[in-house]
Protein chains: 2
Amino acid sequence: MLTLFHHPFCPHSRFIRLALGEYAVEPALAEERAWERREEFLLLNPAGQTPVMVAEGYPPIPGASVIAEYLAEQYGPTEDGTGRDLLGKRISERIEVRRLLAWFNEKFFTEVSNPLVTERVYKRHMREQQGGGPPDTDIMRAARRNIRYHLAYVGWLAGQRDWLAGDNLSYADLAAAAQLSVIDYLGDVPWSENDHAKNWYARVKSRPSFRPLLAETSAALPPAPHYADLDF
Amino acid sequence: MLTLFHHPFCPHSRFIRLALGEYAVEPALAEERAWERREEFLLLNPAGQTPVMVAEGYPPIPGASVIAEYLAEQYGPTEDGTGRDLLGKRISERIEVRRLLAWFNEKFFTEVSNPLVTERVYKRHMREQQGGGPPDTDIMRAARRNIRYHLAYVGWLAGQRDWLAGDNLSYADLAAAAQLSVIDYLGDVPWSENDHAKNWYARVKSRPSFRPLLAETSAALPPAPHYADLDF
């Protein structure tokens, strides 16, 4: 049995949920508000961030990249031909998948999704001493400027290859789509600027693994109208 | 033939050099000043950061964690019993090694080593439009405050186990020591606060893989007196 400590607006949590969906593994979900620094959660992960996966018989597995490597080892291709390949079979494929995984989970997260989600979502829930308060419009403006070159990069990759890292759907697509999906919920992705990026996202969004994410909404903060629309 | 684009004060580059040393692989070294955003370097790694490893027959391999996974696949243990194990043999070992790898390469880097190296080293070389100028003492003060809890955490781990992630030397030790070594060069590690941490660092520092790092100094910015001393 797997338990995933996650937050609906945490893009790294979404990435792991998509990966689990592709591996056809259904975890128990526990929503965690990392900014509350709950003591039991800090014992699971001293870094205090979502996602954390708890798998029976193993120490807690914290963070998107550590969980992704664990899942690839547990559910990836085996010699008897079973398992699902999301990391790439050849070394050169894995280099590219891991490069893009770091690109989206670290660079895109720092420059775009984390500032937007922090200002527009998390700060509404935080008390003042946790960093709560009105959104900082300068930070939001910078993140919305940054998304344009990231979207252009996604479009450039999608224009050259079937999927972002090569011929097959991989962690790179799931990480990129997870990061984009949280800010698409907020209506902050300028899809009209790049058709390649938009068409690629429509394909990822149509996968069964994406359905649970699209179905979850917050009554207090409804999604942008096109958010769950597969033909946006 | 491997070529490593690195910087002497980049802790992620140092980590990869230590790992290569442990695998007994000698790379060609090319010093890169990432802040100059050299066009050929950006083609190797659009993220514009060191380290980047170039291995014949493969795409460029950017970033500490992607390179570390690559090296483990190429030089790690094989079925015929050769290869060097730095990632852990059992899944639970690898979870812990990768957790600590992310802890030091991401969290320690963000909270301690990157601010100190940026303010005290990189900014001396940067032009004004690159972000150069006098060091920001507020940033330095915050980083020096942060190092104390990180040092306590290293000491706590070292007090419980032979090496940071368990019974064997692993990537976790190399990453932690690499991060600490750049700020030890600057004299910013309060070793007297934690004997467990100090004794652990003395053991890692005594390894042959560490020697080339300790022998490199900058004439314009000499190291702290104890920096290369194995019995500090």
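The residue numbers shown here count from 1 along each chain, following its written sequence. All chains are assigned letters beginning at A, and all ligands numbers beginning at 1, according to the order in which they are written. Where local features are concerned, this predicted model is filtered to residues with pLDDT of at least 70; where side-chain atom pairs are given and counted, the filter is 80 or more; whole-chain, interface and lining totals use all residues. Values reported for side chains reflect all heavy atoms of the structure, with hydrogen atoms and water molecules removed beforehand.

In the annotation of an unreviewed UniProt entry, the entry for chain A reads Glutathione S-transferase, and the organism field reads Pseudorhodoplanes sinuspersici.

Draft legend 1. Inspection of a negative patch on the surface at higher detail. A cluster of acidic residues, Glu79 and Asp80 of chain A together with Glu79 and Asp80 of chain B, forms a negative patch on the protein surface. In this text, helices come from DSSP runs of H or I with a minimum length of four residues, and strands from runs of E with a minimum of two, each type numbered from the N-terminal end. Along the chain, Asp80 of chain A turns up in the loop between helix H3 (64-75) and helix H4 (91-125). The patches described consist of residues with a relative accessible area above 30% and no salt bridge, like charges being joined within 9 Å and nonpolar side chains (Val, Leu, Ile, Met, Phe, Trp, Tyr) within 5 Å. Using the Shrake-Rupley algorithm and a 1.4 Å probe, accessible areas are obtained, with residue cover drawn only from the displayed protein chains. Here, a salt bridge means any Lys or Arg side-chain nitrogen found within 4 Å of an Asp or Glu carboxyl oxygen. Lys and Arg are tallied as positive, Asp and Glu as negative. Neither His nor the chain termini are counted. All charge positions are set by atom: Lys at NZ, Arg at CZ, Asp at CG, Glu at CD.

Draft legend 2. Examining unusual backbone geometry more closely. Residue Pro51 of chain A is reached from Thr50 of chain A by a cis peptide bond, and omega for that bond is -5 degrees. If you trace the backbone, Pro51 of chain A turns up in the loop between helix H2 (39-44) and strand S3 (52-55). With a phi angle near 60 degrees, Ala24 of chain A is a residue other than glycine that sits in the positive phi range. Inspection of the secondary structure assignment puts Ala24 of chain A in the loop between helix H1 (11-22) and strand S2 (28-31). Its identity is not glycine, yet Arg37 of chain B carries a phi of approximately 50 degrees, on the positive side. Relative to the helices and strands, Arg37 of chain B is located in the loop between strand S2 (28-31) and helix H2 (39-44).

Draft legend 3. Here's a closer look at the interface of chain A and chain B. The interface is formed by 22 residues belonging to chain A together with 22 residues belonging to chain B. Around 2,100 Å² of area is buried between chain A and chain B when both sides are counted, 71% of it from carbon and sulfur atoms. Together, Glu73, Ile91 and Ile95 of chain A form the three largest contributors to the area buried by chain A at its contact with chain B, with a combined 26%. Our count for the contact surface shared by chain A and chain B stands at six salt bridges. Of all the elements, H4 of chain A adds the most residues to the side of chain A that touches chain B, at nine residues. Whether two residues are in contact is decided by their heavy atoms, any of which lying within 4.5 Å being enough. Buried area: the accessible area, evaluated with a 1.4 Å probe, that two parts lose upon being put together, summed over both parts.

Draft legend 4. Spatial organisation of the sheet that holds strand S4 (residues 61-62) of chain B. Residues and elements named next belong to chain B. Strands are labelled as partners when DSSP assigns at least two bridges between them. The strand order S2-S1-S3-S4 describes an open sheet built from four strands, whose pairing is mixed. The outermost strands of the open sheet, each flanked by one partner alone, are S2 and S4. As paired strands, strand S1 (residues 2-6) and S2 are joined by four bridges and run parallel to one another. When the sheet's bridge partners are listed, Phe5 is paired in S2 with Ala30.

Draft legend 5. Up close: the nonpolar core. Residue and element names in this part refer to chain B. Here, nonpolar core means buried Ala, Val, Leu, Ile, Met, Phe, Trp, Tyr and Cys residues that are tied together by side-chain atoms lying within 4.5 Å of each other. Each residue is assigned to one of three classes by its accessible area relative to the maximum for its type, calculated with a 1.4 Å probe on protein chains only: buried under 20%, partly exposed between the two thresholds, exposed over 50%. Grouped together as the largest cluster of nonpolar side chains are 76 residues, with contacts concentrated most on Phe15, Leu71, Leu164, Tyr171 and Trp200. Segment limits for the domains were obtained from an automatic or database-derived domain assignment. Here this core spans two domains, and each of domain 1 (2-75) and domain 2 (91-215) adds at least three residues to it. The contact partners of Phe15, leaving out residues within four places of it in the chain, are Ala64, Ala68, Leu101, Asn105, Tyr171, Leu174, Ala175 and Ala178.

Draft legend 6. Structural detail: helix H3 (residues 64-75) of chain B. Expected span of a helix: the number of residues minus one, times 1.5 Å. An ideal rise of 1.5 Å per residue puts 16 Å on 12 residues; H3 of chain B measures up with 16 Å between its terminal C-alpha atoms. Every buried residue of H3 of chain B is accounted for by Ala64, Val66, Ile67, Ala68, Glu69, Tyr70, Leu71 and Ala72 of chain B.

Draft legend 7. The arrangement of H4 of chain A in detail. Residue and element names in this part refer to chain A. Taking 1.5 Å per residue as the helical rise, H4 with its 35 residues ought to reach 51 Å, whereas the 43 Å between its terminal C-alpha atoms falls clearly short. Here the bend at a residue is taken as the angle between two axes, fitted respectively to the seven residues that end there and the seven that start there. Considering bend angle alone, the principal kink of H4 is centred on Phe109 and spans about 75 degrees. Counted residue by residue, H4 has 25 buried out of 35 residues, so it is predominantly covered.

Draft legend 8. Spatial organisation of the sheet that holds S2 of chain A. Residues and elements named next belong to chain A. Here four strands make up an open sheet; going across it, the order is S2-S1-S3-S4 and the pairing mixed. Among the strands making up the open sheet, the edge pair consists of S2 and strand S4 (61-62). Where S3 lies against S4, two bridges are found, and the strand directions are antiparallel. Residue Val52 lies in a different strand from S4, and its bridge partner there is Pro62.

Draft legend 9. Up close: the packing of aromatic side chains. Put simply, two rings from Phe, Tyr or Trp (the six-membered ring, in Trp's case) pair if the centres are within 6.5 Å, and we call them stacked under 30 degrees between planes, edge-to-face over 60, tilted for the rest. Applying the stated criterion across every chain yields a total of 32 aromatic pairs over all chains. Pairing Phe9 of chain A with Tyr185 of chain A gives two aromatic rings, centres 4.9 Å apart and planes at 85 degrees, and the pair type is edge-to-face. With Phe9 of chain A in the loop between strand S1 (2-6) and H1 and Tyr185 of chain A in helix H6 (residues 171-185), the pair connects residues that are 176 residues apart, well separated along the chain. Overall, Phe9 of chain A belongs to the buried group, its relative accessible area being 7%. Ring centres 6.2 Å apart and planes at 45 degrees place the aromatic pair Phe5 of chain B and Phe41 of chain B in the tilted group. Of this pair, Phe5 of chain B sits in strand S1 while Phe41 of chain B sits in helix H2; the two residues are 36 residues apart in sequence, bridging distant segments of the chain. Just as Phe5 of chain B is buried, Phe41 of chain B falls in that class too. Every member of this aromatic cluster is reached through a ring pair, and the members are Trp191, Trp200, Tyr201, Phe210 and Phe232 of chain A. The aromatic ring of Trp103 of chain A is capped on one face by Lys107 of chain A, whose charged end is 5.5 Å from the ring centroid. Cation over ring: Arg203 of chain B sits above Trp163 of chain B, and NZ or CZ is 4.2 Å from the ring centre. Two limits define a charge over a ring: the Lys NZ or Arg CZ must be within 6 Å of the ring centre, and within 35 degrees of the ring normal.

Draft legend 10. Spotlight on the pattern of salt bridges. All names here are of chain A. Overall, the coordinates contain 38 salt bridges over all chains when judged by the stated rule. In this structure, Arg98 and Glu69 form a salt bridge, with 2.7 Å as the shortest nitrogen-oxygen distance. Of this pair, Arg98 sits in helix H4 while Glu69 sits in helix H3, and the two are 29 residues apart along the sequence. Taking the relative accessible area as the measure of exposure, Arg98 reaches 7% and is therefore buried.

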